[in-house]
Amino acid sequence: MQKKLFYLLSALALVVFSTQAQTSGRAKPLSQLQQQFVDLRFGMFIHFGIGTYTNADWPDPEAPGVIFNPTKLDCKQWAKAAKSANMSYGCLTTKHHNGFCLWDTKTTDYSVMNGPLKRDVVKEYVEAFRAEGLKVMLYYSILDIHHKLRPNAIKPKHIEMVKQQITELLTKYGPVEALIIDGWDAPWSRISYDDIPFEDVYKLVKKLQPNCLIMDLNGAKYPAEGLYYTDIKTYEMGAGQYVSKETNQMPALACLPLNSSWFWKTDFPMVPVRDVKNLVNETLMPLNNASCNFILNAAPNREGLFDDNTIEALKEIGRLWKNQGPVAKLKETGPPLIAHNLAKFGLANSSWSEDASIMDYGNDDNFRSAWQSNSMAKEFWYAVDLKSNQQFNAVVIFEAKPNIRKYKLEYHDGNGWKTIFEGENYKRLKMHRFKPLKGDKVKITIQTSDTPPSIGEFQVYNEPV
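Residues numbered from 1 in each chain as written. Predicted model: local features only at pLDDT ≥ 70, side-chain atom pairs only at ≥ 80, totals over all residues. Heavy atoms only, no water.

### Comments concerning the overall build of the protein chain
Tallying secondary structure elements over the protein chain gives 8 helices and 16 strands in all. Expected size for 465 residues packed as a compact globule is a radius of gyration near 23 Å; at 24 Å, the protein chain falls within 12% of this value. If you line up the protein chain on its principal axes, its C-alpha atoms span 80 × 60 × 45 Å. Burial analysis of the protein chain (465 residues in total) assigns 56% to the buried set. (Helix = DSSP H or I, 4+ residues; strand = E, 2+ residues; numbered from the N terminus. Rg over C-alpha atoms; globule rule 2.2 N^0.38 Å. Buried < 20%, exposed > 50% of the residue type's maximum accessible area, 1.4 Å probe, protein only.)

### A word on the nonpolar core
Counting 93 residues, the largest nonpolar core has M44, F48, F68, W78, V121, Y125 and F129 as its most contacted members. Other than its neighbours up to four places away in sequence, W78 contacts M44, I46, F48, L73, L92, V121, Y125, F129, P300, G304, L305 and F306. In this structure, F37, V38, L217 and W262 belong to the second largest nonpolar core, which totals 23 residues. (Core = buried A, V, L, I, M, F, W, Y, C linked by side-chain atoms within 4.5 Å. Contact = heavy atoms within 4.5 Å.)

### Side note on the pattern of salt bridges
Tallied over the full model, the rule gives 20 salt bridges. Linking K163 and D200 is a salt bridge whose minimum nitrogen-to-oxygen distance equals 3.8 Å. Of the two residues, K163 is situated in helix α5 (residues 156-171) and D200 in helix α6 (residues 198-208); the sequence distance between them amounts to 37 residues. Relative accessible area serves as the criterion here: at 35%, D200 is assigned to the partly exposed category. Of the charged contacts in the structure, one is a salt bridge between E316 and R319, with a shortest N-O distance of 2.8 Å. Separated by 3 residues within a single helix, E316 and R319 lie in helix α8 (residues 308-320), roughly one turn from each other. The exposure class assigned to E316 is partly exposed, which follows from its relative accessible area of 25%. Overall, the relative accessible area of 48% leaves R319 in the partly exposed class. (Salt bridge = Lys/Arg side-chain N within 4 Å of Asp/Glu carboxyl O.)

Have a look at this one:
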């Protein structure tokens, strides 16, 4: 009896250890995770929620949760459909902008468990996709109108809710390849990375699952050459965001719905889906050749199933396209910038500016505006004030097009100016990382440039090390 109990406890300990190992695990290099992600090539987005029952991608945030009632919900059908298209993974909208949660959450009653279904859709999804040998990713919206997590209304309880919900999603369902985040730092959401601190969320994700990539779907705001607030560059093609198929050198993700919109609409069964041959030949294959993973949305209907035209389209994709294995080796990106921009909206100063293009446009968190120096200035420089004795370890200078060639980068330590960098760098995005320094000002002096210089964004960071 004691021997049997010993083996039983040993087996139980092994299961617990295995589950913990899946959730935490040893962190792989970011470059390896990026390569693995792009090598997946093609996956399935699944937009499913309250919007499915309201004929709207953005439903009434006060719509009662009881309307979510997929009477024939079958995540196995979704997984088999993804497999038929030779997809490598799926990504389910666990919570969209209206705030309705598709999992058994302890953070709110506005969830699938308090409606007629009373089943954890996230759980059924991950189990079904893994059973077909497919990787699992999750989508999560920061913008949450139902819970009043929106511009000018964010309170500490909202930040705590985000952290609790992400913790649930990354501890209850095994290894998650990527967390795709939306509704954050976008012109239409107007929730900044300071309102909901990006660095805190990023560190939480990596603590819970070190090998889970974090992607912000609104990353197209930032220059294509650099990783800002995301492990993978993202492009929502339906919103006019396109990765350059000729010049892209970053690991990337592009997304598009198979139908006319993301969530199921009543006309979907009758209206033709996108042309499958065009999707394969003009979207999927060219994107893969540009180091870009393509995720195609398929929307379940109100019964919780894919319509026949969706099923057939995915089968046809599978007949036309096969995953040819790893893409070309990616270039090293270095870690993403995840900290608060210390120079944003700070007091800036400069040499003589062009009319209406004064120094305040060089650190206004807008890559489309710029400080423009006056052509008659005898010297060209730009500086931004920091807090006294401010620690920082990164400076980034962005130009709309390469122009500045040689320059000196300095910081003021309270006593005098000290050099950080002096030399040539003709890149459009000039990124400097260095050991932590402390000072109250950072300054660039432009020594040579093709034309009188301009600066779109002058940024200072204290990145975690």
